[in-house]
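# Chains, contacts and geometry: an overview
This is what each chain is made of:
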Amino acid sequence: MQSQRVWLLGFWASPFVQRVKWALKLKGVEYEYIEEDLFDKSSLLLKLNPVQKLVPVLVHNRKPISESILILEYIDEVWKQNPLLPHDPYERAQARFWAKFAEEKVRESTWDALCSRGEEREKAVKSSIEALEKFEEELKLKGTKFFGGETIGFVDLVAGFISYQLPVFEEVGSMKILDSSKFPATFDWIYNFLNHPVIKDDLPAKDLMFDYYAKRSKEISDEKDSCRNA
Amino acid sequence: MAGEGVKLLGYWASPFALRVRSALKLKGIEYEYQEEDLGNKSPLLLQGNPVYKKVPVLLHKGKSISESLVILEYIDEVWKHNPLLPEDPYERARSRFWAKFVDEKCVPALVGVITKVGEELEKSAREAREHLKTLESGLDGKRCFGGTKIGFADVAIAWIAYWVRMEQEAFKIQLIDQQNMPLLAAWIDYVLEDPVMKEFMPPYDKLVKHTRDLREKLTAVVSN
């Protein structure tokens, strides 16, 4: 593994990996991609990320960096062209805040909704909608094309899963979370995001995502039910 | 050093507020501290952090910043002397990684020790021990997470030193011991002796009582 080269260990369906791919593409950084089988992890992955044993892992100068949001910060610090974070410290703090929010409040609750049933699912759907309402409010306040302003930035990449993965979750779970009449600013943002040249040509196939998440949704919900009944 | 109207909204028992106080002290930044009554939050808090309505909130130049690790990064970027984060991007990523690890893994397990009973409590204690053992690997054989001197990760994680000791005493459980985690045990001693780190640690007995009361309240709810 040559030291200057950049490697990315990933999984095709992972929204965390997707964020990193977009960031590298926006910066014009060439890299080699290694697809991991998350259900049969390679010794390389276990060596490079012994703590979490998860993708993505970025390897640069022979050193591994894990955690997608931290990888984005690393990429922004090493390759300074097309900055992901704004220049001003207050604006940077806002971006970090909303990226954390998108990850912890929006994505986690939509995942919980996908992987649960009955009352638990209803509760998670409600949490997702509440979180998205705050996101919508912030987008309206900003009034710009993207969260990052007129160009794509840090928060857009972290929140990007909303644009292409959430609709798949909704379909798999027959759930209605993102109602276009209630989230006009979010829908505008989704449209702008999905039509961005870096984003639109680099998304996992919808039908493959549907099959994968339908399977995962059932597996995880079944597991939860059997733990409860044990 | 005048902080141009810096104000911090905090709570005496909050480890997240503690982080920010330690960081401001390390940088020598003067600020006004406002203790919040969490049962009766001030309008300043509700306006400053409308999304979560939680402490800490840093107010600076008429703007508010929330989320303790976000605040630490802000402080480091505005006041560039005595840097908290290292200069090298890889080392910065490592510092951020361990701070995040503590929040995502150690905090829920340590909270579980307070809020659970019986088998569930045992499980939380076990998880806490596992995560603390993993945390030890982050020291990488060094004296502290920042290397030779206290840095971002130490400031973010230092409260654990105090809380773990407190929970061990309050609930008579073993979380860290000299034999299993010698490096982490040494780091805990180091951090608890540091004058800046220990300045804002809450009064020990008060914290023990506060945690025991909290546990009584929460486990009574669970058993009812």
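The name recorded for chain B in an unreviewed UniProt entry is Probable glutathione S-transferase, from Coffea canephora. The heading Sequence similarities (unreviewed entry) in the UniProt record of chain B holds the text "Belongs to the GST superfamily. HSP26 family." Within the UniProt record for chain B, the comment given under Catalytic activity (unreviewed entry) is "RX + glutathione = an S-substituted glutathione + a halide anion + H(+)".

With an unreviewed UniProt entry as reference, chain A is termed Probable glutathione S-transferase, source organism Coffea canephora. According to the UniProt record, the Sequence similarities (unreviewed entry) comment for chain A reads "Belongs to the GST superfamily. HSP26 family." Heading Catalytic activity (unreviewed entry) of the UniProt record for chain A holds this comment: "RX + glutathione = an S-substituted glutathione + a halide anion + H(+)".

Now for the overall build of chain B. Per the secondary structure count, chain B includes ten helices and four strands. Order of helices (α) and strands (β) in chain B, N terminus to C terminus: β-α-β-α-β-β-α-α-α-α-α-α-α-α. Relative to the 2.2 N^0.38 estimate, which gives 17 Å for 224 residues, the radius of gyration of chain B is 18 Å and therefore close to what a compact globule would have. The 224 residues of chain B split such that 54% are buried.

This brings us to the overall build of chain A. Secondary structure summary: chain A contains eleven helices and four strands in total. Relative to the globule expectation of 17 Å for 230 residues, the C-alpha radius of gyration of chain A, 18 Å, shows essentially globular dimensions. Once the C-alpha set of chain A is aligned to its principal axes, its extents read approximately 50 × 45 × 30 Å. A total of 230 residues make up chain A; the buried ones form 53% of that total. Restricting to contacts in chain A with at least 6 residues of sequence separation, those with at least 24 account for 71%. As displayed, chain A offers around 11000 Å² of accessible surface, 51% of which is attributable to carbon and sulfur atoms. Seen as two clouds, the 33 positive and the 38 negative side-chain charges of chain A have centres 3 Å apart.

Counting residues at the interface gives 25 residues for chain A, matched by 25 residues for chain B. For the pairing of chain A and chain B, the buried interface totals around 2400 Å² over both sides, and the portion due to carbon and sulfur atoms is 67%. For chain A, the biggest contributors to the area lost against chain B are Leu70(A), Tyr90(A) and Phe97(A); these three give 24% of the whole. We note a salt bridge from Glu67(A) to Lys100(B), for which the minimum N-O separation is 2.5 Å. Inspection of the chain A/chain B interface yields seven residue pairs in polar contact (both at pLDDT 80 or more). Counting only elements with at least two residues in the side of chain A that touches chain B, the list comes to strand E4 (63–66), helix H3 (68–78) and helix H4 (89–114) of chain A. Per-element tally for the side of chain A that touches chain B: the top contributor is H4(A), with twelve residues.

Paired through their backbone hydrogen bonds, the strands of a sheet run either parallel or antiparallel. Residues and elements named next belong to chain B. Spatially, the four strands line up as an open sheet ordered E2-E1-E3-E4, and their pairing is mixed. For this open sheet the edge positions go to strand E2 (32–35) and strand E4 (63–66), each flanked by a neighbour on one side alone. Sheet twist, expressed as the mean angle between neighbouring strand axes with direction ignored, is 20°. As paired strands, strand E3 (residues 57–60) and E4 are joined by four bridges and run antiparallel to one another. Paired with Val57 across the two strands is Ser66, which belongs to E4. Lying on the sheet, helix H1 (residues 15–26) is in contact with strand E1 (6–10), E2 and E3; it crosses E1 at an angle near 155°.

Residues and elements named next belong to chain B. For chain B, the assigned domains read domain 1 (7–78) and domain 2 (89–223). For domain 1 versus domain 2, the separation of C-alpha centres amounts to 21 Å. Taken residue by residue, the interface counts 16 residues in domain 1 and 21 residues in domain 2. Considering only the surface of domain 1 that becomes buried against domain 2, Trp12, Leu18 and Arg19 emerge as the three largest contributors, covering 35% of it. For the pair domain 1 and domain 2, the interface holds three salt bridges.

Okay, a positive patch on the surface next. There is a patch of like positive charges on the surface, built from Lys105(A), Lys134(A), Lys53(B) and Lys54(B). The residue Lys134(A) is located in helix H5 (residues 118–142) in this model. When its relative accessible area of 31% is taken as the criterion, Lys134(A) is described as partly exposed.

Below, the discussion takes up the UniProt feature "domain: GST C-terminal" (unreviewed entry) in chain A. Mapped onto this numbering, the UniProt entry annotates "domain: GST C-terminal" (unreviewed entry) at residues 88–212 of chain A. With 73% helix and 0% strand, residues 88–212 of chain A has end C-alpha atoms that lie 41 Å from one another.

The subject of this paragraph is the packing of H3(A) against helix H4 (residues 89–115) of chain B. Their axes nearest at 10 Å, the elements H3(A) and H4(B) cross at an angle of 160°. For the element pair H3(A) / H4(B), the angle class is roughly antiparallel. The element H3(A) and its partner H4(B) pack so that their crossing is right-handed. Facing Leu70(A), Glu73(A), Tyr74(A), Glu77(A) and Val78(A) of H3(A), the residues of H4(B) in contact are Pro89(B), Tyr90(B), Arg92(B), Ala93(B), Arg96(B), Phe97(B) and Lys100(B). Looking at the contact of H3(A) with H4(B) residue by residue, the class counts come to seven nonpolar, no polar and five charged.

Reading guide: rules and limits
- Per-chain numbering applies: the sequence of each chain, read as written, is numbered from 1 onward.
- Going through the entries in the order they are written, you letter the chains from A and number the ligands from 1.
- Where local features are concerned, this predicted model is filtered to residues with pLDDT of at least 70; where side-chain atom pairs are given and counted, the filter is 80 or more; whole-chain, interface and lining totals use all residues.
- For the side-chain quantities, the full set of heavy atoms in the structure was used; hydrogens and water were omitted.
- UniProt positions are given in the numbering used here, feature names are shortened, and annotations may be inferred rather than shown by experiment.
- The secondary structure listing takes helices from DSSP runs of H or I that are at least 4 residues long and strands from runs of E that are at least 2 residues long, numbered from the N terminus.
- Just to be clear, the radius of gyration here is over C-alpha atoms, and the globule rule we use is 2.2 Å times residues to the power 0.38.
- Per-residue accessibility, obtained with a 1.4 Å probe over protein chains only, is compared with the maximum for each type, and a residue is labelled buried under 20%, exposed over 50%, and partly exposed between these values.
- We call two residues in contact when some of their heavy atoms are within 4.5 Å.
- Accessible areas in this description were obtained via Shrake-Rupley with a 1.4 Å probe; residue shielding takes into account the shown protein chains only.
- Under the convention used here, Asp and Glu are negative, Lys and Arg are positive, and both His and the chain ends fall outside the count.
- In this description, the location of a charge corresponds to atom NZ of lysine, CZ of arginine, CG of aspartate or CD of glutamate.
- Here the quantity called buried area is the accessible surface, traced with a 1.4 Å probe, that two parts lose on coming together, added over both.
- For this analysis, a salt bridge means a side-chain nitrogen from Lys or Arg found within 4 Å of a carboxyl oxygen belonging to Asp or Glu.
- Each polar contact in these results corresponds to two N or O atoms within 3.5 Å; when the atoms are within protein, one needs to be able to donate a hydrogen and the other to accept it, and residues that are neighboring in sequence are counted only if both atoms are side-chain atoms.
- Pairing between two strands is assigned when DSSP locates at least 2 bridges connecting them.
- Between N-to-C directions, angles cover 0 to 180 degrees, with each direction set by a line fitted to C-alpha atoms, over the stretch in contact for helices.
- Where each domain starts and ends comes from a domain assignment, either automatic or drawn from a database.
- Only residues above 30% relative accessible area that lack a salt bridge enter a patch, with like-charged residues linked at up to 9 Å and the nonpolar side chains Val, Leu, Ile, Met, Phe, Trp and Tyr linked at up to 5 Å.
- For classification purposes, an angle smaller than 35 degrees is called roughly parallel, one larger than 145 roughly antiparallel, one from 65 to 115 roughly perpendicular, and anything else oblique.
- In this scheme the handedness of a crossing depends on how the near helix is turned from the far one: anticlockwise by less than a right angle means left-handed, clockwise means right-handed.
- Under the scheme applied, nonpolar residues are Ala, Val, Leu, Ile, Met, Phe, Trp, Tyr, Cys and Pro; charged residues are Asp, Glu, Lys and Arg; polar residues are all the others, including Gly.

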